[in-house]
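Summary of the model geometry
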Amino acid sequence: MMRIIKYWLCTLALGVCSLSGLAADNPPRQLAQELAVFQPFLGTWQADFAVPADQPPMRDISRWERALNGTAVRTLHSINAGMYGGESLIFWDKSKSALVFYYFTTAGFYTQGTIEVLSPTEFVAVEDVTGSKDGITQVKSISRFKEGRFTVSTQYLKQGTWTEPEQRTYVRSNETVQFK
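Residues numbered from 1 in each chain as written. Predicted model: local features only at pLDDT ≥ 70, side-chain atom pairs only at ≥ 80, totals over all residues. Heavy atoms only, no water.

The protein chain goes by Secreted protein in an unreviewed UniProt entry, where it is assigned to Pseudoalteromonas rubra.

**A look at the overall build of the protein chain**
Test applied: For helices the rule is a DSSP run of H or I covering at least 4 residues; for strands it is a run of E covering at least 2, with both sets numbered from the N terminus onward. A 1.4 Å probe rolled over the protein chains alone gives each residue an accessible area, and that area as a share of the maximum for its type sets the label: buried under 20%, exposed over 50%, partly exposed in between. Throughout, a residue-residue contact means that at least one pair of heavy atoms, one from each residue, lies within 4.5 Å. Per-residue and other accessible areas follow the Shrake-Rupley method at a 1.4 Å probe size, with only the shown protein chains counted as cover for residues.
Within the protein chain, the secondary structure is distributed over two helices and eleven strands. Going through the 180 residues of the protein chain one by one, you find that 34% of them count as buried. Of all intrachain contacts in the protein chain linking residues separated by at least 6 positions in sequence, the fraction that spans at least 24 positions is 31%. Summed over all atoms, the accessible surface of the protein chain reaches about 11,600 Å², with 55% contributed by carbon and sulfur.

**Topic: the nonpolar core**
What counts is decided by this rule: Take the buried residues of types Ala, Val, Leu, Ile, Met, Phe, Trp, Tyr and Cys, join any two whose side-chain atoms come within 4.5 Å, and each joined set is a nonpolar core.
Counting 20 residues, the largest nonpolar core has F38, W64, V73, I90, I115 and F150 as its most contacted members. Among the elements of the structure, strand 1 (43-48), strand 5 (98-105), strand 7 (122-130) and strand 9 (149-158) are those that each provide at least two residues to this core. Once residues lying within four places of it in the same chain are set aside, the contact partners of F38 are L31, W64, V73, I90, L99, I115 and F123. Within the second largest apolar cluster, seven residues are counted, among which are Y84, Y103, F109 and I136.

Here's what the structure looks like:
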């Protein structure tokens, strides 16, 4: 430990401290090639839901992270500081040659699905729901990243009928995902 401290003190005193040497030891933390579409989504985001005037506001805070040495993307999200939330893991399934994910919720249900990349900034997710008390059996969403924000348009297969798409726009946020 003393050797490291002496090195830094000596380096700083000589004015030759170089960050380029540190960068060589710590390369950028990239995602696996199959997950490249998610690179701009990494970080924390928030979206305010459109709600009727007589209803309380609804805010979703979502955090996207590089996971498992870049071979997966982990997402965490919470609505209204933990009223509802979930966590997912997205990864490339070699046996299926597809992007797959699992999503677990605080409401006691989970989903599993696949993602189709439409462009470098757009993807479609289709998921099967297990354990929904609302009669939802599938969810389909389209996510698009553009100009530093992303939109998600979501439909639910509820009791055999697809709902009208709901759209939310996410912007960068300093808030944190919270669970109760």
